[in-house]
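Fold and geometry: a report
So the chains spell out like this:
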Amino acid sequence: MSALRIGSFLYSVLRLSTPLIFAALSAAICEKAGLFNMAAESMMLWGALIGVMVNGWTGSVWLGFLGGCCAGVVTGLLIALATVKGKADLMLAQIAINLASSGGTIFMLYVVTGDKSTSAMTIKSQSLPKIALPFLKNVPVIGRMLNNQNLLTYGAILAAILLMIFIKRSRTGVHIRAVGENPNAAESVGISVSKTYFLTWAISGLLGGIGGVFMSMGYTSAFTKNMVAGRGYIGLCASSMVRGNPIGAMLCAMVFGVSDAIANQLQLTNAPVDLVMMLPYAVTIIVLIIISVIKIRTHVRKIKNKASQVKDQPGILPAGLSLSLDSLYGIASGPCSAAAAGGSSV
Amino acid sequence: MEALKMENITKIYPNGFVANKGITFSVQEGEIHALVGENGAGKTTLMKVLFGMEQPQEGRIYVGGKQVKITSPLDAIAKGVGMVHQHFMLVPSMTVAQNVTLGIEPRKHGLVDNEACVKMTQQLSDKYQFGLDATATVSELSVGLMQKVEILKALARGAKVLILDEPTAVLTPQETKELFEQLKLLKKSGHSVIFISHKLEEVMELCDNVTILRHGYCNGSYPISELDERKLSRLMVGRDVILKIEKPDPKPGKPVLEVKNLEKLSDEGKVVLDHISFTIREGEVLGIAGVEGNGQNYLSDCISGMQKYDGGDVLLNGKSISGRKISDIRRSGMSHIPEDRMTVGCVSTMSIMDNVMADRFDRPENMKGIFLDQQKAIAQTDALIKEFEISCDDRSEEIRLLSGGNIQKVVVAREFTSGANFVLANQPTRGVDVGTAEMIRKYLVRQVREKQIASLLISADLNEVLEVSDRLLVIRQGKIVAAFSKASMVSEDELGEYMLGIKTMTPDEMEGLL
């Protein structure tokens, strides 16, 4: 394969990864706060629709971007309101909001434009600009890959780095992590758990909203019904694999971007389209299983080490192997509970 | 100078339980003050009041001579009262420094100044010789070190009075020794420590003064120098009302339950049952007395099959229970009145009838084809409701709507009619009203005598173990430390001395009594 073709393949990987990265970051901040974000899907859908609408009304692509961000934040805050203030079950609330958003965005599109499937014919909206990096023009592969990407593709990488710094080093970030691991500990030193949850959902919504804006004002230039198509869930998987580490979540999202890009390439060949469309989701399941197996293996090794340490002490039997099976199941039962089980078993 | 004074504190819970009644005690600056008493004596409630987690009905609190009202734990911290909980409030993946400075992090350029956090924590740790590495991750520390992080957390927030709630319960002997050294150092620097414990030797070694609580009342404050362990144990342990149960002498038959060299390790690898052996015969009640948390629940769980044991064996009617399903163990003669009736004893959202039938719905005599024989189930349930005087609307009432005593009656009714010849009763009358408790005790004794079944009674209630049991064992730190052939002949003072570790019987003395 020529350098040019590799370059353009990687270009499309980055482009396709962008919404996945935002979704992954949206899930990552929630994971750090001990929350399970299934609603990135909704945040993105509303971000995509409102972005296009505001852009169409005002004629400004930047106001459209801002509108999309706000829509994401509002969606996040709605979940916080329902679950923190209203004490609703987190999973059920998110399922409800996902179903409501899927129908709600189409309804709003219909009310505003009279069209039930796309805004392409009725709303005049633009795309966010692509950025030319002339100095990269002559670098092989890298130049083709990085040059002329959408503004938000660079934004996604920047967002991952900023989120990392925020979580690791800022006071609020430290508090979010403390709440995520041991809410009682946080509460006991005066950190308000419910305020932290609200803030987390707002940031998560912002990131999801930007991901949505990219879908309708970067990846394409109009809103189409259900255009997010499961990207929120793929982002959630990416984040779960690395326990919410933002940089890791970004890299995982890029792995899924690769499978997306391969699927796109295969569509040009004679391969059956439906099968190819399935590829990114099938990859998700396979990667999740592999990660889970690795986690269980390392956990078993840790227990064995502990057991042999205990064995070395006179008078104490090597117990703990059978006892720790429960915590093992804790890991196997869900990527999100793994962090919790790991934390509490100490 | 007086660092803290609690005056005339009375706390009555909404269900009418009097946890504290008119308690007064004070702590001086640079003093380690012990707060002792049996479980349920009101220590924890009193400290919850002091730490702002509960509001008392009556009484005043003075900190540093000024009367204060403590409304929340945060308020308590702001007023210089810190608490080290039994369950640590730490964030495991963070470092020692991050945990100590959580919520009060120093900042530089808008970001958390990690260097300053580490410096501040290290200085504090060095000052009190805690020997902690501020950059270590908390999840990798031993329990003893985690406890020190908790103490540092309180000190970093300016605590002058430290409450330690049974701090040595989770520590090894070496760690305990270290902790005492550090507490003495804190005392020298003018801090006051309230040390909650029921380990007498620790109180005698560490503390300056002691306040004794008994059944919610204050049984006096004394300087340690005026007391010895025996006096202290008499002040702590005692019966308010002596209960008498008339019962004929036992006629023990063949062995039903044999526990042989039973060993058990906790999840943390600590030995919680240490070579326990005893035999219970037909027609007798064996009582196990002891301060709570000395292995009673592990013993109950191992015998009932709820947990696996790590060594030795339990034989029920001559067959080992090891590796068998609980349903199988029950079918071969076990019935079990668990300590926690709401989670283990019953299904709170199901009806009385469903709960009664829970262990017998699949027996052929209760079936009609593949379905439960409704007529039989109704007849059995109604008979039990009548016999045990369970006050309820009818058999289909959800069990959680009944009072605690009536729920316990349902559990007891089921367990005594399951056809088993061994009844394991773990705290069978905890938290139930006096009338029901008496009824359950008398029923237990009558069943054992009339039907020649065997019973193991685990209880922290002295009245109960002394009156209901025929023979009596005392458990401490997972070991049997005393055995008596006639429970009714044992005095409570003597029992208290064994429970609290002042005296221990040798294996020879216990020979033939197990």
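Residues numbered from 1 in each chain as written. Chains lettered and ligands numbered in written order. Predicted model: local features only at pLDDT ≥ 70, side-chain atom pairs only at ≥ 80, totals over all residues. Heavy atoms only, no water.

When you go through chain B residue by residue, the secondary structure sums to 18 helices and 24 strands. A compact globule built from 514 residues should have a C-alpha radius of gyration of about 24 Å, and chain B, at 26 Å, falls within 12% of that. Structurally, chain B occupies a C-alpha span of about 75 × 50 × 45 Å along its principal axes. Buried positions account for 53% of the 514 residues belonging to chain B. Partitioning the contacts of chain B with sequence separation of at least 6, the portion at a separation of at least 24 is 68%. For chain B, the accessible area works out to roughly 22,200 Å², and carbon and sulfur atoms hold 51% of it. Here chain B contributes 62 positive and 71 negative side-chain charges, whose respective centroids are spaced 1 Å apart. (Helix = DSSP H or I, 4+ residues; strand = E, 2+ residues; numbered from the N terminus. Rg over C-alpha atoms; globule rule 2.2 N^0.38 Å. Buried < 20%, exposed > 50% of the residue type's maximum accessible area, 1.4 Å probe, protein only. Contact = heavy atoms within 4.5 Å. Areas by Shrake-Rupley, 256 points an atom, 1.4 Å probe, with all protein chains shown as cover. Lys, Arg positive; Asp, Glu negative; His and termini not counted. Charge placed at Lys NZ, Arg CZ, Asp CG, Glu CD.)

Of all hydrophobic cores here, the largest spans 119 residues; its most connected members are B:Phe278, B:Ile303, B:Phe422, B:Leu456 and B:Leu495. The next biggest cluster of nonpolar side chains, apart from the first, holds 81 residues, and it includes A:Cys30, A:Phe223, A:Cys237 and B:Val112. (Core = buried A, V, L, I, M, F, W, Y, C linked by side-chain atoms within 4.5 Å.)

Per the stated rule, a full pass over the model turns up six aromatic pairs over all chains. Seen from their ring centres, A:Phe214 and A:Tyr219 are 6.3 Å apart, and the 40 degrees between their planes marks the pair as tilted. Residue A:Tyr219 is classed as partly exposed on the basis of its relative accessible area of 22%. Between B:Phe180 and B:Phe195 the ring centres are 5.9 Å apart and the planes differ by 75 degrees, which places this aromatic pair in the edge-to-face class. (Phe/Tyr/Trp six-rings, centres within 6.5 Å; stacked < 30°, edge-to-face > 60°.)

For the rest of this paragraph, the subject is a nonpolar patch on the surface. Residues and elements named next belong to chain A. Residues Trp57, Phe107, Tyr110, Val111 and Val112 make up a contiguous nonpolar surface patch of roughly 590 Å² in combined accessible area. For the nonpolar patch, the element with the most residues is helix α4 (residues 90-113), which contributes four residues. Here Trp57 shows up in helix α2 (residues 40-58). Trp57 sits in the exposed class, given a relative accessible area of 63%. (Patch = residues over 30% accessible without salt bridge, like charges linked within 9 Å, V, L, I, M, F, W, Y side chains within 5 Å. Salt bridge = Lys/Arg side-chain N within 4 Å of Asp/Glu carboxyl O.)

Residue and element names in this part refer to chain B. Across five bridges, strand β1 (residues 2-12) lies against strand β4 (residues 58-63) in antiparallel orientation. Bridged to Glu7 within β4 is Arg60. Pairing of β4 with strand β5 (residues 66-68), which is carried by three bridges, proceeds in the antiparallel orientation. Within the sheet, the bridge partner assigned to Val63 lies in β5 and is Lys66. (Pairing = 2+ DSSP bridges.)

This brings us to the pairing of strand β11 (residues 209-214) of chain B. Residue and element names in this part refer to chain B. Both strand β3 (residues 32-36) and β11 contribute to a ladder of four bridges, which runs parallel. What sits directly across from Leu35, in β11, is Thr211. Taken together, the five bridges between β11 and strand β12 (residues 217-223) define a ladder with antiparallel strand orientation. By the bridge assignment, Thr211 is partnered in β12 with Ser221. Once β11 ends, the chain turns through two residues before running back antiparallel as β12, passing His215 with a positive phi of about 50 degrees.

Residue and element names in this part refer to chain B. Counting buried residues along helix α17 (residues 492-499), six of its eight residues qualify, which places the element largely inside the surrounding structure. For α17, the complete set of buried residues consists of Glu492, Leu495, Gly496, Glu497, Tyr498 and Met499. Structurally, α17 contributes buried residues whose contacts are with α8 (229-236), β15 (285-289), α16 (462-468), β23 (471-476) and β24 (479-484). Where α17 ends, the next residue or the one after it, Gly501, has phi of about 85 degrees, a positive value.

Let's shift gears to the confidence of the model for chain A. The predicted model of chain A averages 85 in pLDDT, with 87% of residues at 70 or higher. Taken as a whole, residues 311-346 of chain A scores under 50 in pLDDT and shows 46 contacts with residues more than four places along the chain or in a different chain. (pLDDT = per-residue confidence, 0-100.)

The next point concerns helix α7 (residues 171-181) of chain A. Where α7(A) is concerned, the buried positions are A:Gly173, A:Val174, A:His175, A:Ile176, A:Arg177, A:Ala178 and A:Val179. Taken together, the buried residues of α7(A) touch α1 (3-32), α6 (151-169), α8 (183-188) and α9 (193-219) of chain A together with α3 (96-100) and β8 (111-112) of chain B.

Below, the discussion takes up the sheet that holds β23(B). Residue and element names in this part refer to chain B. The strand order across the open sheet formed by six strands is β18-β21-β22-β15-β23-β24, and the pairing between neighbours is mixed. Here the strands that pair on one side only, and so sit at the sheet edges, are β18 (334-337) and β24. Taking the axes of each pair of neighbouring strands and ignoring which way they run, one obtains an average angle of 20 degrees across the sheet. Pairing of β23 with β24 involves five bridges; the strand directions are antiparallel. Following the sheet pairing, Ile475 is matched in β24 by Ile480. Its contacts with the sheet put helix α14 (residues 404-416) on β18 and β21 (422-426), and the angle it makes with β18 is roughly 170 degrees. The sheet contacts of α17 involve β15, β23 and β24, and relative to β23 the element is tilted by about 35 degrees. (Axes fitted to C-alpha atoms, helices over the stretch in contact; angles between N-to-C directions.)

The next thing to look at is the interface of chain B and chain A. Of the residues lining the interface, 30 residues belong to chain B; the matching set on chain A comes to 23 residues. Our count for the contact surface shared by chain B and chain A stands at one salt bridge. Ionic pairing is found between A:Arg171 and B:Glu105, a salt bridge with its closest N-O pair at 3.0 Å. Here chain B and chain A share five residue pairs in polar contact (both at pLDDT 80 or more) between them. When contributions to the side of chain B that touches chain A are tallied by element, the ones reaching two or more residues are α2 (73-78), β8, α5 (143-156) and β13 (255-265) of chain B. Broken down by element, the residue count for the side of chain B that touches chain A peaks at three residues, all from β13(B). The residue inventory of the side of chain B that touches chain A, partitioned by class, reads 14 nonpolar, seven polar and nine charged. (Polar contact = N/O pair within 3.5 Å; in protein donor to acceptor, adjacent residues only side chain to side chain. Nonpolar A, V, L, I, M, F, W, Y, C, P; charged D, E, K, R; others polar.)

A few words now on the environment of B:Ala19. Residues and elements named next belong to chain B. Secondary-structure assignment places Ala19 in strand β2 (residues 18-28). C-alpha separation for the pair Ala19 and Leu145, spaced 126 residues apart in sequence, amounts to 33 Å. With residues up to four places along the chain from it excluded, the contact list for Ala19 reads Lys11, Tyr13, Ala41, Gly42, Thr45 and Gly216.

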